[in-house]
Amino acid sequence: MDAFQTQVLLRLLALNAVLLPLAHGSIHFYDFVLKEQNFTKLCVTKSVLTVNGSFPGPEIRVRKGDTVFVNVHNRGYYGVTLHWHGIKQPRNPWSDGPEYITQCPIAPGTNFTYEVQFTNEEGTLWWHAHSDWTRATVHGAIVILPSEGTTYPYPKPDDEEVLVFACWYKESMRELLELAIETGSDTPRSDAYTINGEPGDMCPCSIETTHRMLVDYGKTYLLRMVNAVLNADLFVSIAGHNLTVVGMDGAYLKPIDTAYVMITPGQTMDVLITANQSLSYYYMAAQQYSSDGLDVTNYDHSNATAILQYRGNYSAPERIPFPSTLPSYKDNVAAVAFTDRLRSLATEEHPVNVPQNVTTRMFVLTSMGVLICPNSSCGGIYGDRLASSLNNFSWAHPSIDILQAYYRNISDIYSTNFPDFPGILYNFTGDDLPLNISVPTKGTVVKVFDFNETIEIVFQGTNIIDAAEAHPMHLHGYAFYVVGTGIGDFDVDTDPQGYNLVDPPYVNTVAVPKSGWAAIRFVADNPGVWYMHCHLDRHMTWGMDTVFIVKDGGTTATSLRPPPAYMPPCENSTSSSQLFNILDKEARLVMMR
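Residues numbered from 1 in each chain as written. Predicted model: local features only at pLDDT ≥ 70, side-chain atom pairs only at ≥ 80, totals over all residues. Heavy atoms only, no water.

(A) Examining the sheet that holds strand 13 (residues 233-238) more closely. What the five strands build is an open sheet, ordered 11-19-18-13-16; its pairing is mixed. A single partner strand is all that each edge strand has here, and the edge strands are strand 11 (212-215) and strand 16 (261-263). For this sheet the average axis-to-axis angle between neighbouring strands, irrespective of direction, equals 25 degrees. When strand 11 meets strand 19 (residues 304-310), the two strands line up parallel, connected through four bridges. Bridge assignment links Arg-212 to a residue of strand 19, and that residue is Ile-307. (Pairing = 2+ DSSP bridges. Helix = DSSP H or I, 4+ residues; strand = E, 2+ residues; numbered from the N terminus. Axes fitted to C-alpha atoms, helices over the stretch in contact; angles between N-to-C directions.)

Have a look at this one:
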C-alpha cells in the first residue's frame, strides 16, 4: 500500500468514527493524470487534454456499494475539475466536481483527491471533466456490477462491450470556444462523432482505426452505451440486429425491444444484443438527432461507425451492411416514440418509490435568448450576444464556488430568489413570440429547499427567437422519476391526469422534447449544493443552469459532511465561463439603462 492509499484509509477511518459509515463494499484507488496528448484523426494531428493519455479515458469498474478514491494530477495547461455523473454522493458535494459550483478548478501542477461513493446505482454511468468544454476528450465509463451475491434481473450476458460516443474537432476547440464567447456568436460544431475514440469507415483517414467488436454466433452481449457528445442527441442502430434496452442512467428498465435507440448527452444505456445473424461484418452507426428547425442545417452530419464482426472462417463482405433502421437527422417522431417507451423495472428486488404527496411545485422554462449588445456589435442573432436561461435567469459563475460560500456563510456570492414559476405567461411554444421576452436577467440565482421536501418540476421548452430545441436536463446529487412528458404547452389541469406514478423511469438526465415538456419528481433528501443544467454544453455555457441548495436535516446523518482538509483554492482561477461573465457585463449595463 503506497503513501496515498494509506493517507486515504486514515481519512476514511476518521470519517467513519464521527459520521455514518460509507458504502458497505470494497475500496478502490485510481490515479488520473491530466495531460496533453497528440492524436491524428480526420487527417489532422492535434494535441488534446486526456486522462492517462487515452481517449476515451480509463474505465472505472466497481460493484454496487463500493467506494472509489481518484487522485487527479493536473499536468495540463489550465484548471480542470472532474464530475462523477449520476453518482449521488450522499451528503458529499465536495467531491461532485462542477467548477465554481462545488469547487474551484484543480490548477496545473497540483492534485486533488475525489471520494466517490456508490450507493444504489447499478449498471452504467460515467465520469467527465466539468470545466468549460474539456469533457470533449476528458471522460470515461463507470461500470457498476451488482453487489456480491446478487445478479442482473435478466439472463446474464455472455460478455459485454463499453461503447462511448463522443465528438471530435479538427481545430483547437478551446480557441474556437473562446472566440465564440468573445464575439457572442454561435459555438463551434464538431467535425465528426466517434465510437470508442474512432470516427469509423465513413470519415476521412479513419478506415484503418475503426473500432471493431468481435462476437461469437449465438452469444448475447451487454452493450454499455455512454453519450459523451457535447451538443448532440444520437440515434444508434446496428445493421441486421435487434436491440433490447434493459437499463438507463444506473437503474434497470422493463426490457424494450427496438431497432434503434435515441440517447441524449449525459445519458447512459444498457442494451442487450444477440449475435444471431450470418457470419459476417455489420455496421453499428451513430448519427445526430437534430431537434432544431428544418431550416437549421449547420450541424455535424457525419456517421460514426464501428464494425460488429463475427468470429469464424468466412470471407469479408465486399460491402458491409449499414443499418436501415437508423432514423433520419430530423426525425422528431422517432425520438419521442423511443423515450415514451421507457419504464422502470418495478419489481420486488428493484422497486420504485414515486413521491405521491408533492409539497413544492416548480414550472421552469428552458429558453434561448439574447443579451443586448451596444450598437448591435456582437456576433449573435440581431447583433446581440446569444444566451440561454431557466425562468428568464441566465446563470453567471461566481468568483468562488457556491458550496464554499454556502458552507462558510459568505455573503454577496449568490442570491436565493430563483423563481418557482416564470414571471410572465404566454404561448411558450408558439411562433413569432415577441422580442421583449427574449432578454434574460444575468445572475447567480439559486433555489433553496428544506430537507425532505417533495418536489415536482415541470420543464417547459419554449420557442423564443424561433429556437425550439430538445434539452437534456441533468440534476447532480439526485436521480428522479420522469412522471410525464408531452408536446406543446403544459396544461396544469389535464396533463397531470396522464402522469405515470406506477413505473416511471428513474434517471439523472431527462430529455425535454422540442416544443414540449417533461415532469419529474424527487425528494430533497441529499443535503448540499447541487448543480442543475442542460447537458448541451453550448446551452450550459450560455446560462441554462442553476443551483439547488438542500438544507441539512436535524441530525448528523442528514447533514452536509464537513469539507476535506484540502480543496483547490479559487485564487487566480479562470475559465471560458468566467470570460463570458466578464464580457456580458457591458450587455447587462445596456439592459439596465
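(B) Up close: the sheet that holds strand 1 (residues 27-41). If you trace the four strands from one edge of the open sheet to the other, you get 2-1-4-6, paired in mixed fashion. Unpaired on one side and paired on the other, strand 2 (44-51) and strand 6 (111-117) mark the two borders of the sheet. Ignoring strand direction, the axes of neighbouring strands in this sheet form an average angle of 25 degrees. Where strand 4 (residues 67-74) and strand 6 come together, seven bridges link them in antiparallel fashion. Of the residues in strand 6, the one forming a bridge with Val-72 is Phe-112.

(C) Representation of the UniProt feature "domain: Plastocyanin-like" (unreviewed entry) in the protein chain within the structure. As recorded in UniProt, the feature "domain: Plastocyanin-like" (unreviewed entry) lies at residues 35-147, 162-313 and 436-552. The straight-line gap between the two end C-alpha atoms of residues 162-313 is 26 Å; of that span, 7% is helix and 45% is strand. End C-alpha atoms of residues 436-552 are separated by 40 Å, and the span's content is 5% helix alongside 46% strand. (UniProt positions renumbered as here; feature names shortened; annotations may be inferred.)

(D) Spotlight on the environment of Leu-326. If you trace the backbone, Leu-326 turns up in the loop between strand 19 and helix 3 (332-339). Taking the C-alpha atoms as reference points, Leu-326 and Ala-239, separated by 87 residues in sequence, lie 8.8 Å from one another. For Leu-326, the residues in contact, after removing those within four places along its chain, are Phe-235, Val-236, Ser-237, Ala-285, Gln-287 and Asn-303. (Contact = heavy atoms within 4.5 Å.)

(E) Structural detail: the environment of Gly-554. Along the chain, Gly-554 falls in the loop between strand 32 (545-550) and helix 6 (576-583). Judged by its relative accessible area of 83%, Gly-554 is exposed. Along the primary structure Gly-554 and Phe-451 are separated by 103 residues, whereas in three dimensions their C-alpha atoms are 8.8 Å apart. (Buried < 20%, exposed > 50% of the residue type's maximum accessible area, 1.4 Å probe, protein only.)

(F) Local environment of helix 3. Looking only at helix 3, the buried set comprises Ala-334, Ala-335 and Phe-338. Buried residues of helix 3, viewed axially, fall in a sector of 100 degrees; they line one side. Those residues of helix 3 hidden inside the fold are in contact with strand 13, strand 14 (243-248), strand 15 (251-258), strand 16, strand 17 (268-274) and strand 18 (281-289). Its side-chain oxygen at 3.3 Å from the backbone nitrogen of Val-333, Asp-331 defines the N-terminal cap of helix 3. (Arc of directions from axis to C-beta. Polar contact = N/O pair within 3.5 Å; in protein donor to acceptor, adjacent residues only side chain to side chain.)

(G) Just a negative patch on the surface, in detail. Taken together, Asp-295, Asp-431, Asp-432 and Asp-466 make up a surface patch of like negative charges. Secondary-structure assignment places Asp-295 in the loop between strand 18 and strand 19. For Asp-295, a relative accessible area of 69% puts it in the exposed group. (Patch = residues over 30% accessible without salt bridge, like charges linked within 9 Å, V, L, I, M, F, W, Y side chains within 5 Å. Areas by Shrake-Rupley, 256 points an atom, 1.4 Å probe, with all protein chains shown as cover. Salt bridge = Lys/Arg side-chain N within 4 Å of Asp/Glu carboxyl O. Lys, Arg positive; Asp, Glu negative; His and termini not counted. Charge placed at Lys NZ, Arg CZ, Asp CG, Glu CD.)

(H) View of unusual backbone geometry. Here the bond from Phe-55 into Pro-56 is cis, since omega is -5 degrees, no more than 30 degrees from zero. Although it is not a glycine, Arg-91 adopts a positive phi angle of roughly 60 degrees. Even without being glycine, Asp-412 reaches a positive phi, approximately 65 degrees. Tracing the chain through its elements places Asp-412 in the loop between helix 4 (402-407) and strand 23 (441-443). When its relative accessible area of 78% is taken as the criterion, Asp-412 is described as exposed.

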